[in-house]
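Working through the structure, step by step
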There are 2 protein chains.
Amino acid sequence: IDSLTVRSVTGGEGMNVEVRRKMTENGMASRGKVLTIDTMNPTVKKVEYAVRGPIVQRAVQLEKELREGAKKPFAEVIKANIGDAHAMGQQPITFFRQVLALCSYPELLNDSTFPEDAKSRARRILQSCGGSSIGAYSASQGIDCVRQDVARYIEQRDGGIPCDPDNIYLTTGASDGIVTMLKLLVCGEGKSRTGVMISIPQYPLYSAALAELGAVQINYYLNEEKCWSLDISELQRALDEARRHCNPRALCIINPGNPTGQVQSRQCIEDVIRFAAKERLLLMADEVYQDNVYADGCKFHSFKKVLFEMGPEFSNNVELASFHSTSKCYMGECGFRGGYMEIINMDAEVKAQLTKLVSVRLCPPVPGQALMDLVVNCPQPGEPSYNNFMKERTATLGVLAEKAKLTEQILNTVPGISCNPVQGAMYSFPRITIPEKAIREAKEKGQAPDMLYCMKLLEETGICLVPGSGFGQKEGTYHFRMTILPATDKLKILLSKVKEFHQKFTQQYS
Amino acid sequence: IDSLTVRSVTGGEGMNVEVRRKMTENGMASRGKVLTIDTMNPTVKKVEYAVRGPIVQRAVQLEKELREGAKKPFAEVIKANIGDAHAMGQQPITFFRQVLALCSYPELLNDSTFPEDAKSRARRILQSCGGSSIGAYSASQGIDCVRQDVARYIEQRDGGIPCDPDNIYLTTGASDGIVTMLKLLVCGEGKSRTGVMISIPQYPLYSAALAELGAVQINYYLNEEKCWSLDISELQRALDEARRHCNPRALCIINPGNPTGQVQSRQCIEDVIRFAAKERLLLMADEVYQDNVYADGCKFHSFKKVLFEMGPEFSNNVELASFHSTSKCYMGECGFRGGYMEIINMDAEVKAQLTKLVSVRLCPPVPGQALMDLVVNCPQPGEPSYNNFMKERTATLGVLAEKAKLTEQILNTVPGISCNPVQGAMYSFPRITIPEKAIREAKEKGQAPDMLYCMKLLEETGICLVPGSGFGQKEGTYHFRMTILPATDKLKILLSKVKEFHQKFTQQYS
């Protein structure tokens, strides 16, 4: 009632007598609120973020009801909506956590149970912190030695192509870096407004950030029939259309793909770079799943490496920002909000503006920076923690590969569900057939049909997935995104419940 | 040359033959950069942030030169530019760091050398993390149990006035909360554009955020003659003038003051609240220095407490957001980027939008949330860590109080410097007399006179302060901001060097 009342006051129109009477009773007639839905920032209202949307809110509520003893057709809620590995039981890498404990409480450097390589990493990080404390602010661009380690890591990863630590910016998760880069890019009004090309399906951070910044979102569709691959002709189509109403300036790529799990071929990356060069687009490469490649014959190729292998005509010219994070891969340390971006061929004056912009928020969280350092400077052969580190890393990636295959296989046994191979990342994005009757029902409710589907799935089975409409999909097609993160036994239960539900749902609406 | 070239290409005008020739040599003629200073986001260019501005960049460079063996008239750079306690040698609170180590590496829960209360705090935090790991994402609003602890802390602080955990949002430092609130508020164009009142001098996060959001900054001046107090008549003047060209919607207060170190009286807070109610302004209370009160007769009064003591006419109506942080007070844990905001009387629909908005960035860093929890749920009498915790806390605050007095006293012995009492926070903001000749020289260089002063001070003594012009000051007055954080012996050296420099500078320009 309260918000309704206030809305009416502000809106000024159509306030009925009943509302007015209630307002007077509440002593509210004299003033509405300063900040109401009608007087708040309109761009914020346009923001949508499905990964934590209504389905997830309902899931949290159901969990609460279960805890309070409510009777449900399921004993627990299984959340496969978000790439949150630790929440699904994945164990942290011991070495990383040892070093973080040492950095947090340096007294432990005297504890003989900690391995020497963990101690030396901690000492190195602490020495480059103000007052030798991770409680000090770092430089806004990130701790010097961490940026150096990141640069060396990138050089090794990319077969020796040089990386300047000055081009590395540590970030608060990859999201922070992506939003910052988009923020730098946005300008102009009307037909000159900055447009940014994003894949559909996409990770909704992109659409949310573009909405908030008031930029124009330019959709290019991935080719579901060809395992979510990227066709240059589709890029061209999307760009040509967009040029009629905005100024396209950047092209975002997620590789390995989120939510679609594809891994781009080297050839495709080369074609994309050539396209960006020809069309004068800044490239943004979201490469946070760079270690998550499972399918035979697939390999991660960084945009930077391919760019430099294409020769100076490209490597001296194409502007590229690439993003990495501590949240995914084998570490899955989402809570630390660690990440970095590397910028290539950025104009020097713009770079100075970027450095200034990040300084306003002081610095990325230092524990997250420390963790990022460990990821890029992990135990080496001969160091005491090496064997255990490799064992843990390999096991985690092995299990993920297994679950990627399992997910694809089981989903493809269900009539009405078809699932591309999960080549990489942490998600499957299967296509689902929704009966006409269900589509009509959803439309009557003003709901996306796959939202209706996922909401019913949640209520009946406790399984929390995200509807494809939250990521974007071709008109008339329906999907859901499901992480492959639940423990194998739980994943099997989940998949068989989805199968059962889908059959029931199809029957019910036939 | 590179950026100059590109600028010319984009600007299109006045490109001289020499530049064109160089461009062709570099093979650049065919394409400029996508992102240049002329085609980047214009609001970002307007952002300024003095606390990490040119003075600090020069200080970092000087440190590097010293390390490389350069000869300077000083042996070290002393940074008194930023409220970074640990960097200046303040020690972290043992209990906090023990719990953080336990949370990072839960194996240590089996270590008998850790006190039981540290372990129980760690267990409680871990239990409310997904998968019992601080590496999992938390809810976007923050971990439930942390928000509950924050609410209990606020209730105790404010003498029992109720606090709903649902009104608590954990943030990435206070800066994040402040920017988020401002973002919600900004709308309208031209004369309807949102205006936000900020004190002058101010902490430049406010001006930077308003510039980036394209909001109108409304300056109200603090009264230096009355110890930087806030006069309602000045608020009224500023507001009335602003109403002619924008739509003022919020009033920001920093108490205890940054950069000015004053502590507001209860009466003044009441007057401000009455003003906000009368003029329909949302209040934003930056209270990150709430434990940093040193002067006799001064006490911290939270805006929330005063608001509720003024009765339902105010407490049911005035919209208030207040901000706290782990970075200041006695803990000084800046690097963890912990913080919270409490929102009061926020419209329910707007609150839903706020929750959605913060969900896009997933969650604040979990180690920072854990630390915030410890601050609001610190060791209690009877617990094993209580005595040591209180000893450390009291010692740190005692030393800060001493240094606050010392700074004021010594600065006031210098002819041409006058310094208000440092009643609270971590800064002095003394007024300095700059000779006419120096003012003319600065103006010829296109520099603020106090920038010239601070730059010379840095070059000659290695002391890094921030010019008053970075915070705003009355036309024709000059100041610098200096933290009171250096260790006492170093602070004494610093102050005597400032004294000596000021005398020399005055002589030189007379």
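The name given to chain A in an unreviewed UniProt entry is alanine transaminase, with the source organism recorded as Myripristis murdjan. Entered under Catalytic activity (unreviewed entry) in the UniProt record, the comment concerning chain A runs "L-alanine + 2-oxoglutarate = pyruvate + L-glutamate". Looking at the Sequence similarities (unreviewed entry) heading of the UniProt record, one finds this comment for chain A: "Belongs to the class-I pyridoxal-phosphate-dependent aminotransferase family. Alanine aminotransferase subfamily."

Before going further, it helps to examine the pattern of salt bridges. Residues and elements named next belong to chain A. Inspection of the entire model under this criterion finds 63 salt bridges over all chains. Arg237 serves as the salt-bridge partner of Glu234, at 2.7 Å between the closest nitrogen and oxygen. Taken as a pair, Glu234 and Arg237 lie in helix α10 (residues 232-243) at a separation of three residues, close to a single helical turn. Taking the shortest distance from any N to any O, the salt bridge between Glu441 and Lys445 comes out at 3.5 Å. Here the salt bridges do not stand alone but share partners, grouping Arg266, Glu270, Asp271, Arg274, Lys305 and Glu309 into one network.

Here the focus is helix α6 (residues 116-127) of chain B. Residue and element names in this part refer to chain B. Counted at 1.5 Å a residue, the expected span for α6 with its twelve residues is 16 Å, and the 16 Å between its end C-alpha atoms agrees. Buried residues of α6: Asp117, Ala118, Lys119, Arg121, Ala122, Ile125 and Leu126, and no others. Where α6 is buried, its residues meet α5 (94-104), α15 (366-376) and α16 (386-411).

With that settled, the discussion passes to the confidence of the model for chain A. Averaged over every residue, the pLDDT of chain A is 91; the share at 70 or more is 94%. Note that residues 1-30 of chain A has pLDDT below 50 and, in this model, 32 contacts with residues that lie over four places away or in other chains.

The next thing to look at is the interface of chain A and chain B. Reports of interface size often rely on the accessible area that becomes lost once the parts have come together. Contact residues are listed per partner, giving 94 residues for chain A and 94 residues for chain B. For the pair chain A and chain B, the two sides together bury roughly 8100 Å², of which 56% comes from carbon and sulfur. On the surface where chain A and chain B come into contact, there are four salt bridges. Close ionic contact of Glu212 of chain B with Lys183 of chain A constitutes a salt bridge, the shortest N to O distance being 2.6 Å. Element by element, the count of residues in the side of chain A that touches chain B is highest for helix α14 (residues 348-360) of chain A, at eight residues.

The biggest cluster of nonpolar side chains holds 283 residues, and the ones touching the most others in it are Phe96, Met181 and Leu184 of chain A together with Phe96, Met181 and Leu184 of chain B. Setting aside anything within four residues of it in sequence, one finds Met181 of chain B in contact with Leu35 of chain A together with Leu282, Met284, Ala321, Phe323, Met341, Ile343 and Met346 of chain B.

Okay, the relation of the copies chain A and chain B next. It takes a turn of 180° to lay chain A on chain B, together with a shift of 0.0 Å along the axis; the resulting RMSD is 0.0 Å. The two molecules are tied by a two-fold rotation axis, judged by turn and shift. Considering only C-alpha atoms, the part of chain A nearest the rotation axis is Ala101 of chain A, at 2.1 Å. Mapped onto chain B, 100% of the interface residues of chain A again fall at the interface, so both copies present the same surface.

A few words on the sheet that holds strand β13 (residues 466-467) of chain B. As a general point, the strands of a sheet are linked pairwise by backbone hydrogen bonds and lie either parallel or antiparallel. Residues and elements named next belong to chain B. Taken in spatial order, the three strands make up an open sheet running β10-β14-β13, and their pairing is antiparallel. Because the sheet does not close on itself, it has two edges, and the strands there are β10 (427-428) and β13. Alignment of β13 against strand β14 (residues 480-483), held across two bridges, turns out to be antiparallel. Across the sheet, Pro467 pairs through a bridge with Phe480, a residue of β14.

Now for the pairing of strand β6 (residues 282-286) of chain B. Residues and elements named next belong to chain B. The buried fraction of β6 amounts to five of the five residues, a majority that puts the element mostly inside the structure. A two-sided burial pattern is seen for β6, the buried positions comprising Leu282, Met284 and Asp286 on one face and Leu283 and Ala285 on the other. Relative to β6, strand β5 (residues 247-254) runs parallel, the two being bridged by five bridges. Bridge pairing in β6 links Cys252 to Met284.

A few words now on the sheet that holds strand β4 (residues 216-221) of chain B. All names here are of chain B. A sheet is described by the order of its strands in space; here seven strands give the open sequence β2-β8-β7-β6-β5-β3-β4, paired in mixed fashion. Each having just a single partner strand, β2 (168-172) and β4 make up the two edges of the open sheet. Direction aside, neighbouring strands of the sheet carry axes that sit 25° apart on average. Pairing analysis gives four bridges linking β6 to strand β7 (residues 320-325), with the strands arranged parallel. When the sheet's bridge partners are listed, Asp286 is paired in β7 with Phe323.

Time to look at helix α7 (residues 144-157) of chain B. Residue and element names in this part refer to chain B. Here α7 spans 20 Å end to end across 14 residues, near enough to the 20 Å set by a 1.5 Å rise per residue. Taken together, the buried positions of α7 are occupied by Cys145, Val146, Arg147, Asp149, Val150, Ala151, Tyr153 and Ile154. Buried residues belonging to α7 abut α6, β2, α12 (303-309), β7, β8 (338-344) and α15. Immediately beyond the C-terminal end of α7, within one or two residues, lies Gly159, with a positive phi of roughly 65°.

Definitions and cut-offs
- Residues numbered from 1 in each chain as written.
- Chains lettered and ligands numbered in written order.
- Predicted model: local features only at pLDDT ≥ 70, side-chain atom pairs only at ≥ 80, totals over all residues.
- Heavy atoms only, no water.
- UniProt positions renumbered as here; feature names shortened; annotations may be inferred.
- Salt bridge = Lys/Arg side-chain N within 4 Å of Asp/Glu carboxyl O.
- Helix = DSSP H or I, 4+ residues; strand = E, 2+ residues; numbered from the N terminus.
- Expected span 1.5 Å × (residues − 1).
- Buried < 20%, exposed > 50% of the residue type's maximum accessible area, 1.4 Å probe, protein only.
- Contact = heavy atoms within 4.5 Å.
- pLDDT = per-residue confidence, 0-100.
- Buried area = accessible area lost by both parts, 1.4 Å probe.
- Core = buried A, V, L, I, M, F, W, Y, C linked by side-chain atoms within 4.5 Å.
- Least-squares fit on C-alpha atoms with pLDDT ≥ 70 in both.
- Pairing = 2+ DSSP bridges.
- Axes fitted to C-alpha atoms, helices over the stretch in contact; angles between N-to-C directions.

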